[in-house]
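Examination of the molecular architecture
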Amino acid sequence: MSETTKQRMNRTDVHPITETVLATLSGCEDARLKQIMSALVRHVHAFAEEVQLTGDEWRRGIEFLTQTGKKCDGIRQEFILLSDTLGLSIMLDAIHRQQDVAESAATENSLLGPFYREGAHDEPFGANIARTEGEPALFRGRLIDEAGKPVPNALIEVWETANNGMYEGQDPDQPESNLRGRFRSGPNGEYAFRSIKPTPYPIPTDGPVGQMLLAVGRHPMRPAHVHFLIQAPGYDTITTALYSSDDPYVESDAVFGVKRSLVVEYVKNDSPSDATEWDLPSPFFDVHRDFVLVRSSGAAR
Ligand code: BEZ
Ligand code: FE
């Protein structure tokens, strides 16, 4: 036997390692956990093999994950940001969106994001939630079901950033409840509120995820959007956002939340009577958008 053949035989083959680790899971009684752990082991091993990961690189990877954990506290969740920027968060939504719903007119979901805060004030139909300056905008439409029937009395929470690109919860200089509010749809499913046209903003970049984006040459920007969380008994909750069609980042969202169906036009409304009716300066931006809710599985039709 030649020296090289002997060396080759002594070398531990990567595939037996994977098989050996997988075999340790044979006693796992939780079938789902076993499935997830087995797939994780297979994919992680295949990944290391594909990129021929070195020990030094993996130490840097571990340091990155350590820093990601250290950046987390009661408010900041750097691991969710990592999941968002890797496209994993939106991927889960795509995987679990039922095929029949995906093919219907049902409103698509987007990311909740880290800046949602419970406890928004109840506001009447048409209220203005902007307490800081911006380009005035009217958002209006209806909540309907897949058959086009109105969904009255649904809870609609909205939140967006101020002109400085910060949410009220991030910025002590903004007045309480600036650019967020909670509405109820009317008897015909109608809703309306006044606010400002949103601006694009960067996701937090002062942590390891920001460094990762920089290292790989990605920008941290989210295109301008208004978040909506819509809840009605008997219907699936909609966690979504409306994105501005004229935004420079609408095709390159740092967290992949944009879907074509969620891109809206801010149409300039220069009707003086509309401005008077809504108590807005003329012209203002007008955004018309209906939301289509899907009956929860098991809910009576
Ligand atoms: C947001 O839209 O608020 C957001 C979503 C994901 C990551 C960071 C921010
Ligand atoms: Fe946002």
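Reference entry: report on the structure contained in this document. (Residues numbered from 1 in each chain as written. Chains lettered and ligands numbered in written order. Predicted model: local features only at pLDDT ≥ 70, side-chain atom pairs only at ≥ 80, totals over all residues. Heavy atoms only, no water.)

With respect to the coordination of the iron ion (ligand 2)
- Coordination of the iron ion (ligand 2) by the protein comes from Y167 (OH), Y201 (OH), H225 (NE2) and H227 (NE2), over a distance range of 1.8 to 2.2 Å.
- Seen from the iron ion (ligand 2), its 6 donor atoms lie at angles of 54 to 169°, and the figure they make is irregular.
- Along the chain, the residues donating to the iron ion (ligand 2) are arranged with the sequence spacing Y-x33-Y-x23-H-x1-H. With Y201 in strand β5 (residues 201-202) and H227 in strand β7 (residues 225-231), this pair connects stretches of sequence that are 26 residues apart. Exposure class is identical for Y201 and H227. Each is buried. (Donors = N, O, S within 2.8 Å, 3.2 Å for Na, K, Ca; no water. Tetrahedral: all angles 85-135°; square planar, octahedral: opposite > 155°, others 65-115°. Helix = DSSP H or I, 4+ residues; strand = E, 2+ residues; numbered from the N terminus. Buried < 20%, exposed > 50% of the residue type's maximum accessible area, 1.4 Å probe, protein only.)

Some remarks on the packing of aromatic side chains
- Under the defined criterion, the tally for this structure stands at 13 aromatic pairs.
- Ring centres 6.0 Å apart and planes at 55° place the aromatic pair F193 and F228 in the tilted group. Separated by 35 residues along the polypeptide, F193 in strand β4 (residues 190-196) and F228 in strand β7 bring together distant segments of the chain.
- A residue is classified by how much of its surface remains accessible, and F193, at 1% relative accessible area, is buried.
- Judged by its relative accessible area of 0%, F228 is buried.
- In textbook terms, an aromatic cluster arises when at least three aromatic residues are bridged by ring pairs, as seen for F139, F183, Y191, F193, F228, Y266, F285 and F291.
- Lying across the ring of Y266, K197 places its NZ or CZ 5.3 Å from the centre.
- Between K197 and the ring centre of F285, over which it is positioned, the NZ or CZ distance is 5.4 Å. (Phe/Tyr/Trp six-rings, centres within 6.5 Å; stacked < 30°, edge-to-face > 60°. Lys NZ or Arg CZ within 6 Å of the ring centre and 35° of its normal.)

Re the site of ligand 1
- Ligand 1 sits among L81, D84, G113, P114, F115, Y167, Y201, I203, R222, H225, H227 and V255.
- In this structure, R222 approaches ligand 1 through a side-chain N or O atom, which is 2.6 Å from an oxygen atom.
- At 3.1 Å from an oxygen atom of ligand 1 is found a side-chain nitrogen or oxygen belonging to H225.
- Surface burial for ligand 1 is 100%, taken as the share of its 270 Å² of free accessible area covered by protein chains.
- Contributing elements (two or more residues each) for the shell around ligand 1: α5 (78-85) and β7.
- Here the shell around ligand 1 is composed, by residue class, of 7 nonpolar, 3 polar and 2 charged. (Near = heavy atom within 4 Å. Polar contact = N/O pair within 3.5 Å; in protein donor to acceptor, adjacent residues only side chain to side chain. Areas by Shrake-Rupley, 256 points an atom, 1.4 Å probe, with all protein chains shown as cover. Nonpolar A, V, L, I, M, F, W, Y, C, P; charged D, E, K, R; others polar.)

Some thoughts on the packing of helix α2 (residues 14-23) against helix α3 (residues 31-51)
- Relative orientation of the contacting elements α2 and α3 amounts to 160°, with a least axis distance of 10 Å. Considered as vectors, α2 and α3 are oriented roughly antiparallel to each other. For α2 against α3, the interelement crossing comes out right-handed. Together, V14, H15, I17, T18, V21 and L22 of α2 and S38, V41, R42, H45 and E49 of α3 make up the contact between the two elements.
- Considering only residue class, the contact of α2 with α3 consists of 5 nonpolar, 4 polar and 2 charged. (Axes fitted to C-alpha atoms, helices over the stretch in contact; angles between N-to-C directions. Parallel < 35°, antiparallel > 145°, perpendicular 65-115°, else oblique. Left-handed = near helix turned anticlockwise from the far one by under 90°. Contact = heavy atoms within 4.5 Å.)

In short, the description is geometric, and any link to function would need to be established separately.
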